[in-house]
Amino acid sequence: MSYRAIFTGDLHGSNNLPFAVRDPATLISDRRGDILGAVDQMAQYALDNKIKDIWVLGDLLDRRLLDAVVLKLVPDRMIHWLKQGVDWHVVPGNHEAHDAACRHYTVEALRGYGIHVYSDPERAVVPIGPGFLAVPYLPDDKARAVLRSAHHLPSVVPLVHQTVKG
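Residues numbered from 1 in each chain as written. Predicted model: local features only at pLDDT ≥ 70, side-chain atom pairs only at ≥ 80, totals over all residues. Heavy atoms only, no water.

1. Looking at helix α1 (residues 30-48)
Our working definition: For the purposes of this entry, the term helix denotes a DSSP run of H or I that reaches at least four residues, the term strand denotes a run of E that reaches at least two, and both are numbered from the N terminus. Every helix has an expected span of 1.5 Å times one less than the residues it contains. Three labels apply to residues, based on accessible area from a 1.4 Å probe with only protein chains included: buried if under 20% of the type maximum, exposed if over 50%, partly exposed otherwise in between. Read the arc as the range of directions from the helix axis to the C-beta atoms. Any two residues having at least one pair of non-hydrogen atoms within 4.5 Å are treated as being in contact. In protein, a polar contact means a hydrogen-donor-capable atom and an acceptor-capable atom, both N or O and within 3.5 Å, with residues adjacent in sequence counting only if both atoms are side-chain atoms; elsewhere, any N or O pair within 3.5 Å suffices.
Between the first and last C-alpha of α1 there are 27 Å, a value that for 19 residues agrees with the 27 Å anticipated at 1.5 Å per step. Considered for burial, the residues of α1 that qualify are R31, I35, L36, V39, M42, A43 and A46. In an axial view of α1, the angular spread of the buried residues amounts to 135°, which keeps them on one side of the axis. Relative to its buried face, α1 has exposed residues pointing more than 90 degrees away, namely Q41 and D48. On its buried face, α1 sits against β1 (5-8), β2 (53-57), α2 (68-84) and β3 (87-91). Capping of α1 at its N-terminal end is provided by S29; its side-chain oxygen lies 3.2 Å from the backbone amide nitrogen of R31. The positive-phi residue at the C-terminal boundary of α1 is K50, with phi of around 55°.

Shown next, in the form of structure tokens:
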């Protein structure tokens, strides 16, 4: 079985990153353009090459530095490409976790726009491609337990945003 997709991570969408250069008139930084440009380039490449799925494996947004501009524009741009035929799949990362227990993630709001968000470790097995195990960023012990739970599957590709020791 063949499966083609684009995989990326760590886009850290924010208008407020410390090294961002701001336009004094608008207060909008060059980082806004960077993330929107990355979304556009990936989506256009996907369409040009008949690739349906784009996977963001953590840190699409940067919760601690998130602002209203990026929180509106990134989903709007993803929705634009969704209407063109690109399916977005987002596995939350540590910069999207609401707290250390990882009970909620900033990107869960994208689900309401038709973007696939894999934030529930109880439903980590995704029957796409060869069979993916989409594991959101979790405390290490929970991440290990989810990964171990899939040991019986014949073919599974883990999609995670963290290093798990042991």
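2. Some remarks on the packing of α1 against α2
Put simply, the rule reads: In this analysis an axis means a line fitted to C-alpha atoms, helices contributing only their contacting stretch, and an angle means the value between N-to-C directions, from 0 to 180 degrees. The labels follow the angle: roughly parallel below 35 degrees, roughly antiparallel above 145, roughly perpendicular from 65 to 115, and oblique for the rest. Following the grouping adopted for this structure description, the nonpolar residues are Ala, Val, Leu, Ile, Met, Phe, Trp, Tyr, Cys and Pro, the charged ones are Asp, Glu, Lys and Arg, and the polar ones are all others, Gly among them.
It is at 10 Å that the axes of α1 and α2 come closest, and there the two elements cross at 10°. In terms of orientation, α1 lies roughly parallel with respect to α2. Between α1 and α2, the residues in contact are R32, I35, L36, V39, D40, A43, Q44 and L47 and V69, L73, V74, R77, M78, W81 and Q84, respectively. Here the residues of the contact of α1 with α2 are counted per class, giving ten nonpolar, two polar and three charged.

3. Focus on the packing of aromatic side chains
Convention followed: Aromatic rings from Phe, Tyr and Trp, with only the six-membered ring used for Trp, were paired whenever their centres fell within 6.5 Å, and each pair was classed as stacked if the ring planes differed by under 30 degrees, edge-to-face if by over 60, and tilted otherwise.
One pass over the structure, following the stated rule, counts five aromatic pairs. Taking the centre distance of 5.5 Å and the plane angle of 70° together, the rings of Y3 and F132 count as edge-to-face. Taken together, the residues span a long stretch of sequence, with Y3 in the segment before β1 and F132 in strand β6 (residues 132-134) at a distance of 129 residues. Residue classification places Y3 among the partly exposed positions, given a relative accessible area of 24%. Ring geometry for W55 versus F132: centroids 5.2 Å apart, planes at 80°, classification edge-to-face.

4. Points about the sheet that holds strand β7 (residues 157-159)
This is how the line gets drawn: Two strands form a pair only when DSSP identifies at least two bridges running between them.
In spatial order, the strands read β5-β6-β7; together these three strands make up an open sheet with mixed pairing. A strand with exactly one partner marks an edge of an open sheet, and here the two such strands are β5 (125-126) and β7. Taken together, the two bridges between β5 and β6 define a ladder with antiparallel strand orientation. Within β6, the residue paired with V126 across the bridge is F132.

Take it as geometry only, folks, not as evidence of what the structure does.
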